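Residue-level structure breakdown
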Amino acid sequence: MFSRPLSVLACIITAGCTTLPATRHNTHLGGANLDRRVTSLMSAAKVPGLAVAIIENGHVVSVKAYGMRDTAKQLPLTTDTVMYAASLTKAAFSYATMTLVDDGRLDLDASIASDLPKPLPEYEKYADLAGDTRWKALTPGILLSHRSGFANFRFWQPGKDYDPEGKLAFYFAPGTRYAYSGEGINLAQFVLEHGKGIDVETLMRERLFTPFRMPRTAMTWRDDFADDLAIGYDENGKPLGHKQRQSARAAGSMDTTIGDYANLLAAMVRGDGLSAATHKRWLTPVVRIRSVQQFPTIGLPDSNDNDGISLGYALGVGTFTSPQGPAFFKGGHDDGTNNVAVCIESSRNCVLLMSNSSNAESIFAYLIDDVLGKTCFPWYWENYIPYDHPEWRTAKAVVNEHPACSPQNH
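Everything quoted here is computed from the prediction, not taken from an experiment.

**Some words on the overall build of the chain**
Looking only at helices and strands, one finds 10 helices and 13 strands in the chain. In terms of C-alpha radius of gyration, the chain reaches 21 Å, essentially the compact-globule figure of 22 Å for 410 residues. Seen through its C-alpha atoms, the chain measures out along the principal axes to roughly 65 × 50 × 45 Å. Per-residue burial over the chain gives 58% buried out of 410 residues. In the chain, once contacts between residues fewer than 6 apart in sequence are set aside, the share between residues at least 24 apart is 68%.

This is the structure:
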């Protein structure tokens, strides 16, 4: 006799659980079947453009683009269309930084005080930390794993509205817990540039973009991108344009294409450019994640939702245990941009999704499993609320249970 797992029974009794509906969990879609699935989901969720890359055993086997890069001009999205990487930049930056570890030029566990020629608060950008010696506890490893103690950005302080005059501050002791922080990643860049004399834009080009065949990728705007460029669209289909970023920011200034980033992701899952030991360290989780969702960075209640998949963070990517073994992932989100990369370490199978729409995250949970099979991806923690379950976006839903997987999936 079939018996329901306890987590499912709890959902039925309390009507509070948000278990993702089962769809093609044990199959892998590809070819025309995947094309139909993608276009169907895009239509239902009102996603103008989406690019999908599939990696099998560490090799790119499929790169496709669907829909429009510019709806007003009816220009199609192509595999060479330049798209905003957003926080996929962070994963790339961390990987490039690990090459410096192999070179013996960076100690992940040393205080940044040993790298900088003068105390951090003596730099104008970090003057807010004057009188707070906790900055000395910061290390490159702590910064890359989002354990700095900073808010995501100083102008988004916990529990407050956007404040362009917001001050940089610690909200917990560095290294003691996880809280996503672009400030921390940008500080890691600052340390490389001001303490090591390493230009990050040059580092990325020489260590990643050139060797991994990424000709249409850069940390700052290039005029040749304009000939095939994705326009971003908000939830209502309003065009948001494409920012031409003039300065390299490790937290998220990269422009790239689905084909270029797929080449990088394949290199990442293979470990190309790194020693085996350094690649292993890059992927080894250093902190467990307990928050119910990723954002807001600080202030949400702790949760046991993802204990079953051991959700954590390594040195630049999120980690979890899928039914197929250890996996890593990184998302990229901004107004008019939704991206995610997910890889299974043992099989070296990955999926990369990049979109010019704020609606695309609402189909990511489905497509990840469509391509990779059942993953137990932490979709609720990432706020990838399915388009067909808008009720899960409510404040009431946050206090309920959101297991990434129920027991029968393990």
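On we go from here.
**Re the sheet that holds strand 10 (residues 318-322)**
The sheet built from 9 strands is open, its strands ordered 3-2-1-13-12-11-10-9-8 with antiparallel pairing. Each edge of the open sheet is held by one strand with a lone partner, namely strand 3 (75-76) and strand 8 (287-288). Where strand 2 (residues 59-70) and strand 3 come together, 2 bridges link them in antiparallel fashion. Across the sheet, residue Met68 finds its bridge partner in strand 3, namely Pro76.

**Here's the deal with empty space enclosed by the protein**
As enumerated under the stated definition, the model contains 3 cavities of 30 Å³ or more in all. Here the largest cavity is characterised by a volume of approximately 50 Å³. Looking at the lining of the largest cavity, the elements that each hand over two or more residues are helix 3 (88-102), helix 4 (140-144) and helix 5 (182-195). Split by residue class, the lining of the largest cavity holds 9 nonpolar, 1 polar and no charged. Roughly 40 Å³ of internal volume is contained in the second largest cavity. Taken together, Tyr180, Gln294, Tyr313, Gly318, Phe329, Lys330, Gly331, Trp381 and Glu382 make up the lining of the second largest cavity. With 3 residues, the single largest contributor to the lining of the second largest cavity is strand 11 (residues 325-334). Here the residues of the lining of the second largest cavity are counted per class, giving 4 nonpolar, 3 polar and 2 charged.

**A look at helix 7 (residues 258-270)**
One full turn of an α-helix is made of 3.6 residues, so residues set three or four places apart face in the same direction. For helix 7, with 13 residues, the first-to-last C-alpha span of 18 Å sits near the 18 Å given by 1.5 Å per residue. Of all 13 residues that make up helix 7, 12 are buried, and the element is covered over most of its length. Taken residue by residue, helix 7 has Ile258, Gly259, Asp260, Tyr261, Ala262, Asn263, Leu264, Leu265, Ala266, Ala267, Met268 and Val269 as its buried positions. Residue Gly271 follows helix 7 closely and has a positive phi angle near 90°.

**Observations concerning the state of the cysteines**
This model, assessed by the stated rule, comprises 2 disulfides. Between the sulfur of Cys343 and that of Cys350 lies a disulfide, 2.1 Å long from S to S. An S-S torsion of about 110° defines the bridge between Cys343 and Cys350 as right-handed. Across the pair, Cys350 and Cys343 agree in class, each one buried. The partner cysteine of Cys376 in its disulfide is Cys405, sulfur to sulfur 1.4 Å.

Calculation rules
Residues numbered from 1 in each chain as written. Predicted model: local features only at pLDDT ≥ 70, side-chain atom pairs only at ≥ 80, totals over all residues. Heavy atoms only, no water. Helix = DSSP H or I, 4+ residues; strand = E, 2+ residues; numbered from the N terminus. Rg over C-alpha atoms; globule rule 2.2 N^0.38 Å. Buried < 20%, exposed > 50% of the residue type's maximum accessible area, 1.4 Å probe, protein only. Contact = heavy atoms within 4.5 Å. Pairing = 2+ DSSP bridges. 1 Å grid on protein atoms, 1.4 Å probe; cavity = no way out; pocket = protein on both sides within 12 Å on 5 of 7 lines; lining within 4 Å. Points joined across faces, edges and corners; volume = space filled by probe spheres on them. Nonpolar A, V, L, I, M, F, W, Y, C, P; charged D, E, K, R; others polar. Expected span 1.5 Å × (residues − 1). Disulfide = S-S within 2.5 Å.

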